[in-house]
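Architecture and fold: a report
Residue-level listing of the chains:
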Amino acid sequence: MIKQARHNGDVIRRASKTTVVLQVFSVALLLGLAFMAVDIVKRYSTLQDGIRENALWSVYQFDREARRLHELVHLYLAQGPQSGIAVKTLTTRYDILYSRMNILEQANFERQFVLNPEIGQRIAAIQDTVYGIVAPFDALAAGKDVAKEQLLEVDGKLETLLGATEDLVIFTNNWVSTNRAEKRSGLMTLQVQTVVLVGLLVACVFFLIFNLRRQLRSVRRAGLDLEAMATELNESYLAAEAGNRAKSQFMATMGHEVRTPLNAILGTAELLELQTLPQGMLAGVQTIRRSGNALLELINEILDYAKIEHGNVDVEMRPVGVRALAESTIEMVRDRASENGNLLELALPDNFTMPVILSDPTRLRQITLNLLSNAIKFTKDGVVTLRIAELVTSGPGCLRVEVSDTGIGIDNASIDKLFQPFSQVDSSISRKYGGTGLGLTICKQIVEAMDGRIGVESVRGKGSTFWFEIPVKPARIEESEDHGMHDAQAAVALKTLHILLVEDNAVNQQVAAGFLRHLGQNVKIANDGFEAISAFENDKFDLILMDMQMPNLDGIEATRRIRALPDGQAVSIIAMTANASEDDRRLCHEAGMTGFETKPVTMPKLRDIIARTEQIVDPGQMASVKAAPPERDSEFDTLYEQRRAELIEALGEEGFNELLDSFFEDAREIILKLRSTASPKDQQTIDHLLHAMKGAAASVGLGEIAATAQAFRSGDFSPGRLEELEHLLDAQKHRLAA
Amino acid sequence: MNALSKLTATILAVASFTIASPARALDKPTGDVILTVRGPDLKNANAGDTAQFDRDMLQALEKRTGAMETPWTSGKVEFSGPLLRAVLSAAGAHGQKLKIIALNDYSAEIPYEDATKLDTMLALTMNGKDMSVRDKGPLFLVYPFDLDPSLFNEKYFARSVWQIKEIEVSE
């Protein structure tokens, strides 16, 4: 195909060259013709000049007149006055000859004739004779007598003249003939030249036409080939596109397939962590969880990319509190930052002119998190700063988010490759730091979908600053979702609900049920849609957690059927699925589901769901929490009181006290262990111990201790911190004992 | 002068002549006869059935003067003499063809229109002087080369008869 196109191109180019040559040749020929035309015109004008007296005719006339005069004179001499010839006739004849002589002398003959020396000589000789005999005729005209001898002399001279005139006639005739022949041959040459030139021109035009035809044919063929090529390309493109779509589909499916067992792993690990485990085992479980999380992140990234490559970047505009978003986002990476020994800094302006903006909080957080994760990943023992600024220019507002680090940096040559998919600065990077290399591509796509721009400034070895700017509009503060509330809510104890968990996967069942029980919930398990319906018919539930894909009867259909039951309207049904597409949401909504949660199932998510359901079941309680968000100190107290009340309700007063005692015993052991692992380098052990303390503290409702332990997990665990923790434990113990 | 106006002028001139000179016999020539006009039915014949003219009679007719070059003279030459049509009109001639006959019996046949449509003259003088036989005299049929350069070609050269003695009019 390409070969064919190239061949066509060659043919056209060659034909063009030939055409040019032919054109040049034609122009040259035309010039030649023009010159020839000029020559012809010139010759014609000489012909016009030549409209003169006919030399041969004049000479002939002269000869004739001379003969007549001679005859007359001869007759007159022979017969005398008896001849009857009047003297007047004689003189008139001479006068006529004389006038003829004048003509020969003065008339405009052809130039060559006049200039011919021989003719000149001959005419001069004749002239002498004619003018030499003027006297006797003048005398005769005057009526005088002329002697016969004189007339005889005239007769003799005329005799000689006749010889001369005859010679002149012959000579002139010859000259005229020669001249005509020469002229004709000259004209002939010119004609031949013209014919040759015209012939060449015709040939040239013929070639031109031929060549143009050939060119046209080639052009048409090339056009057809191009068309065919375009069709072929289009087909290939469609095939490639189909292939690509299939790939994306495959990626999405695989991602989903991988995510499901991963959820199970992560959930199990999290559950295990909450149990009291031997130390070695706990570290192992933590490793499982951390690696699992990393793997999940990777898969999420790939899925995100597949989705974006498909062309759908969903941007959902909602009011967003900038400060809360920044704070919560940075919290999410605090652990990882401290693992790498990095100091996390948040630089926000004191006052935002637009504290609440209209944007997509999920996407904003996703980009910021990605940039922060990268910064942390490539920085060791440095500083990572998240800086948010408002660029309020004359036009619409603009939010600028900067993530600076003091990490390895990027050289200029590699910066261009940064935002390309699957590219990392170099292969050694991927070996050392891992990652898909998709993060920045995804960020770029999202930022562009939000009409913003993204960029980076970097110096190798000094660090990088990644930034993005998106145009934003201010939103009304009431509409803002307070992301800060989540953490507070997390600590709020939950009311026990009667929950039906519909899940086919045994491990997922175990995890979710474990979480729910841990959250103090009453759980019943159904293995598929049918079981769910029969369970619902026999019992009354506050909440149904419905898996989407199940054998026998899937979540959507089960929901429809439950909604169709007499009591099926009131219950909250939340879909649990790894498919988070808009279509799934729509399907769920249409089937009558109350809400939608993506897998993996985590404790906070479940807590959130339960809290929301609680609000519906008993709006009064949640309203009070929302209406007056407690201050931090009293919040912990309230938490403790609630927890205590709940636990006492569940275990009795003695049971709760025993629980408290065992907690403080455990805490003391942890403190001892923390002290013995004085080396701050053994981060993992310290983290594990702090995590254990956090979990234990949270389970008995000691929020402040849990929070402190959690906070100390990021950054170096200094002896100062250990002391602080010890003090806190003592203080709480005293307070509770009082 | 364009062709149309020339034609109009000619027609007017011819018309005025016919009106101004009603059929009346020519006077007899008093001097030497230098031109004889013959024709089948000359209205103004003065010598038998021919009309004869001497120099004075010709001088009295409508004339024209024109300076021009000819193939038989050198340089620009001024010719003057009666218009051919004036002569023919004076003779009361009419016909289709004219035969101009010279002293040496050379003759040329010209269409009658050459007299009516062109200001053809029978030149009597050249550069103000009478023309002798030695100078192509006494009469020289001169076409108006000065008024119409397209006449300057061999066709009219052949018709330019000099040393004229007779004009024969025929149908």
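Residues numbered from 1 in each chain as written. Chains lettered and ligands numbered in written order. Predicted model: local features only at pLDDT ≥ 70, side-chain atom pairs only at ≥ 80, totals over all residues. Heavy atoms only, no water.

**A closer look at the overall build of chain A**
Which entries qualify depends on this criterion: Each helix is a run of DSSP H or I of at least 4 residues and each strand a run of E of at least 2, with the numbering of both proceeding from the N terminus. Between buried and exposed lies partly exposed: a residue is buried under 20% and exposed over 50% of the maximum accessible area for its type, with that area taken using a 1.4 Å probe on protein chains only. Per-residue and other accessible areas follow the Shrake-Rupley method at a 1.4 Å probe size, with only the shown protein chains counted as cover for residues.
Counting its regular elements, chain A contains 24 helices and 12 strands. The buried share of chain A, reckoned over its 738 residues, is 43%. Of the roughly 39,000 Å² of accessible surface on chain A, a fraction of 57% belongs to carbon and sulfur atoms.

**Considerations on helix 6 (residues 134-141) of chain A**
All names here are of chain A. Short version of the rule: Directions are taken from the helix axis to each C-beta atom, and the arc is the one they span. Any pair of residues with heavy atoms lying within 4.5 Å of one another is described as a contacting pair.
Residues of helix 6 that are buried include every one of Pro136, Phe137, Ala139 and Leu140, and no others. Axial view of helix 6: buried residues confined to an arc of 155°, hence all on one face. The inward-facing, buried residues of helix 6 contact helix 2 (55-79), helix 3 (87-106) and helix 7 (148-274). Residue Gly143 follows helix 6 closely and has a positive phi angle near 85°.

**Some remarks on empty space enclosed by the protein**
The gaps of empty space that remain are located by a probe, the size of a water molecule, rolled over the atoms. All names here are of chain A. For clarity, the threshold we go by: Only protein atoms enter the calculation, which uses a 1 Å grid: trapped sets of points that fit a 1.4 Å probe without letting it out are cavities, open sets showing protein on both sides within 12 Å along at least five of seven lines are pockets, and any residue with an atom within 4 Å of a point is a lining residue. Grid points are joined across faces, edges and corners, and a volume is the space filled by probe spheres set on the points.
One pass over the structure, following the stated rule, counts 4 cavities of 30 Å³ or more. Taken together, Val322, Leu325, Ala326, Thr329, Leu364, Thr368, Ile388, Leu399, Val401 and Phe468 make up the full set of residues lining the second largest cavity. Of all elements in the fold, only helix 9 (322-339), helix 10 (361-377) and strand 5 (397-405) reach the threshold of two or more residues within the lining of the second largest cavity. Counting residues per element, the lining of the second largest cavity draws most heavily on helix 9, at 4 residues.

**What about a negative patch on the surface?**
Residues and elements named next belong to chain A. Selection criterion: In this analysis, a patch consists of residues with relative accessible area above 30% that form no salt bridge, clustered at 9 Å for like charges and at 5 Å for the nonpolar side chains Val, Leu, Ile, Met, Phe, Trp and Tyr. A carboxyl oxygen of Asp or Glu within 4 Å of a side-chain nitrogen of Lys or Arg is what we treat as a salt bridge. Positive charges come from Lys and Arg alone, negative charges from Asp and Glu alone, with His and the N- and C-terminal ends not counted. Where a charge lies is defined by one atom per residue type: Lys uses NZ, Arg uses CZ, Asp uses CG and Glu uses CD.
Negative charge collects at one region of the surface, where Asp661, Glu665, Asp666 and Glu669 lie side by side. Among the secondary structure elements, Glu669 is positioned in helix 21 (residues 632-676). When its relative accessible area of 47% is taken as the criterion, Glu669 is described as partly exposed.

**So, helix 3 (residues 84-91) of chain B**
One full turn of an α-helix is made of 3.6 residues, so residues set three or four places apart face in the same direction. All names here are of chain B. For helix 3, a buried count of 7 out of 8 residues is recorded, marking the element as mostly surrounded by other parts of the structure. Three or more residues of helix 3 are buried, namely Leu84, Arg85, Ala86, Val87, Leu88, Ala90 and Ala91. The positive-phi residue at the C-terminal boundary of helix 3 is Gly92, with phi of around 70°.

**Brief notes about the packing of helix 16 (residues 529-538) of chain A against helix 17 (residues 555-564) of chain A**
All names here are of chain A. Note the cut-off: Here the axes come from fitting lines to C-alpha atoms, over the contacting stretch only for helices, and the angles between their N-to-C directions go from 0 to 180 degrees. Relative orientations are named as follows: roughly parallel for angles under 35 degrees, roughly antiparallel for angles over 145 degrees, roughly perpendicular for angles from 65 to 115 degrees, and oblique for any other angle. What makes a crossing left-handed is the near helix being turned counterclockwise from the far one by less than a right angle; a clockwise turn instead makes it right-handed. When residues are grouped by polarity, Ala, Val, Leu, Ile, Met, Phe, Trp, Tyr, Cys and Pro land in nonpolar, Asp, Glu, Lys and Arg in charged, and all others, Gly among them, in polar.
Across the interface, helix 16 lies against helix 17 with an axial gap of 9 Å and an inter-helix angle of 20°. Here helix 16 is positioned roughly parallel relative to helix 17, judged by the angle of their axes. Of the two possible hands of crossing, helix 16 and helix 17 adopt the one that is right-handed. In contact with Gly529, Phe530, Ile533 and Phe536 of helix 16, helix 17 contributes Ala558, Arg561 and Ile562. Of the residues contributing to the contact of helix 16 with helix 17, the split by class is 5 nonpolar, 1 polar and 1 charged.

**Some points on the packing of aromatic side chains**
This is how the line gets drawn: Pairing of aromatic rings covers Phe, Tyr and the six-membered ring of Trp, with a centre-to-centre limit of 6.5 Å; geometry is then stacked below 30 degrees between planes, edge-to-face above 60, and tilted otherwise. Here, a charge over a ring means that NZ of Lys or CZ of Arg falls within 6 Å of the ring centre while also lying within 35 degrees of the ring normal.
Applying the stated criterion across every chain, the model contains 15 aromatic pairs over all chains. Here Trp72 of chain B and Phe157 of chain B contribute two aromatic rings whose centre-to-centre distance is 5.5 Å and whose plane-to-plane angle is 80°, an arrangement assigned as edge-to-face. On the criterion of sequence distance, the pair formed by Trp72 of chain B in the loop between strand 3 (63-68) and strand 4 (77-82) and Phe157 of chain B in helix 5 (residues 154-159) is long-range, its members being 85 residues apart. Here Trp72 of chain B falls in the buried class, since its relative accessible area comes to 1%. Here the basic side chain of Arg122 of chain A rests over the ring of Phe171 of chain A, its NZ or CZ set 4.8 Å away from the ring centre. Note that Arg134 of chain B overlies the ring of Tyr98 of chain A, its terminal NZ or CZ placed 4.8 Å from the centroid.

**Focus on the interface of chain A and chain B**
Buried accessible area, meaning the area lost when the parts come together, often serves as the stated size of an interface. The condition is simple: Buried area: the accessible area, evaluated with a 1.4 Å probe, that two parts lose upon being put together, summed over both parts. Counted as a polar contact is a pair of N or O atoms within 3.5 Å, where, for protein atoms, one must be capable of donating a hydrogen and the other of accepting one, and residues adjacent in sequence contribute only when both atoms are in side chains.
Contacts between the two partners involve 24 residues from chain A and, on the opposite side, 18 residues from chain B. With both sides pooled, the region where chain A packs onto chain B buries about 1,800 Å², and carbon together with sulfur makes up 48% of that total. Counting the contacts that link chain A with chain B gives 3 salt bridges. For Asp105 of chain B, the salt bridge identified is with Arg68 of chain A, shortest N-O distance 3.6 Å. Here chain A is connected to chain B by 6 residue pairs in polar contact (both at pLDDT 80 or more).

**So, a nonpolar patch on the surface**
All names here are of chain A. Together, Phe25, Met188, Val192, Val196 and Leu200 give the surface a local cluster of nonpolar side chains, amounting to about 440 Å² of exposed area. Among the elements that take part in the nonpolar patch, helix 7 stands out by supplying 4 residues, more than any other. For Val192, the position within the fold is in helix 7. Classification of Val192 by relative accessible area gives partly exposed; the value is 47%.

**Quick word on a positive patch on the surface**
Residues and elements named next belong to chain A. A contiguous patch of positive charge, built from Arg14, Lys17, Arg213, Arg214, Arg217, Arg220 and Arg221, is present on the exposed surface. Of all the secondary structure elements, the ones that give two or more residues to the positive patch are helix 1 (2-49) and helix 7. Per element, the largest residue contribution to the positive patch is 5 residues, and it comes from helix 7. By relative accessible area, Arg220 is classed as exposed at 58%.

**Topic: the sheet that holds strand 9 (residues 129-130) of chain B**
Residues and elements named next belong to chain B. To keep it simple, the criterion reads: Whether two strands pair depends on DSSP finding at least two bridges between them.
Pairing in this open sheet of 4 strands is antiparallel, and the strands run 3-4-8-9 from one edge to the other. The open sheet has two edge strands, strand 3 and strand 9, and neither has a second partner. Sheet analysis places strand 8 (residues 125-126) next to strand 9, joined by 2 bridges and oriented antiparallel. Of the residues in strand 9, the one forming a bridge with Met126 is Lys129.

**As for the pattern of salt bridges**
Residue and element names in this part refer to chain B. Per the stated rule, a full pass over the model turns up 26 salt bridges over all chains. Ionic pairing is found between Arg55 and Asp130, a salt bridge with its closest N-O pair at 3.4 Å. Here Arg55, found in helix 2 (residues 55-60), pairs with Asp130, found in strand 9; they are 75 residues apart in sequence, far enough to count as distant. Its salt-bridge partner being Asp114, residue Arg159 comes within 2.8 Å of it at the nearest N-O pair.

**Looking at the environment of Glu390 of chain A**
Residue and element names in this part refer to chain A. Inspection of the secondary structure puts Glu390 in strand 4 (residues 383-391). When the C-alpha atoms of Glu390 and Glu469 are compared, they prove to be 9.3 Å apart, with 79 residues separating the residues in sequence. Excluding anything up to four places from it in sequence, Glu390 contacts Asn351, Phe352, Thr353, Met354, Cys398 and Leu399.

**Digging into the UniProt feature "modified residue: Phosphohistidine" (unreviewed entry) in chain A**
Selection criterion: UniProt positions are given in the numbering used here, feature names are shortened, and annotations may be inferred rather than shown by experiment.
Mapped onto this numbering, the UniProt entry gives "modified residue: Phosphohistidine" (unreviewed entry) at His691 of chain A. Mapping His691 of chain A onto the fold places it in helix 22 (residues 683-700).

**Considering the pairing of strand 7 (residues 463-474) of chain A**
All names here are of chain A. Counting buried positions along strand 7 yields 9 of 12 residues, so the element is predominantly enclosed. With 2 bridges joining them, strand 3 (residues 356-359) and strand 7 adopt antiparallel strand pairing. By the bridge assignment, Leu358 is partnered in strand 7 with Lys473. Relative to strand 7, strand 5 runs antiparallel, the two sharing 8 bridges. From the neighbouring strand, Gly397 faces strand 7, where its bridge partner is Val472. Across 7 bridges, the pairing between strand 6 (residues 453-459) and strand 7 is antiparallel. Bridging across to strand 7, Ile454 finds its partner in Phe468.

**Description of the UniProt feature "modified residue: 4-aspartylphosphate" (unreviewed entry) in chain A**
All names here are of chain A. In the UniProt entry, the feature "modified residue: 4-aspartylphosphate" (unreviewed entry) is given for Asp547. The topology assignment puts Asp547 in strand 10 (residues 543-547). Residue classification places Asp547 among the buried positions, given a relative accessible area of 5%.

**Re the confidence of the model for chain A**
All names here are of chain A. Applicable threshold: You can read pLDDT as the predictor saying how much it trusts each residue, on a scale of 0 to 100.
Confidence in the prediction for chain A averages 78 pLDDT; 84% of positions are at 70 or higher. In this model residues 478-491 is a low-confidence stretch, pLDDT under 50, and it forms 19 contacts with partners more than four residues away in sequence or in other chains. Taken together, the stretch residues 619-634 has pLDDT below 50 and engages in 7 contacts with residues farther than four places along the chain or on a different chain.

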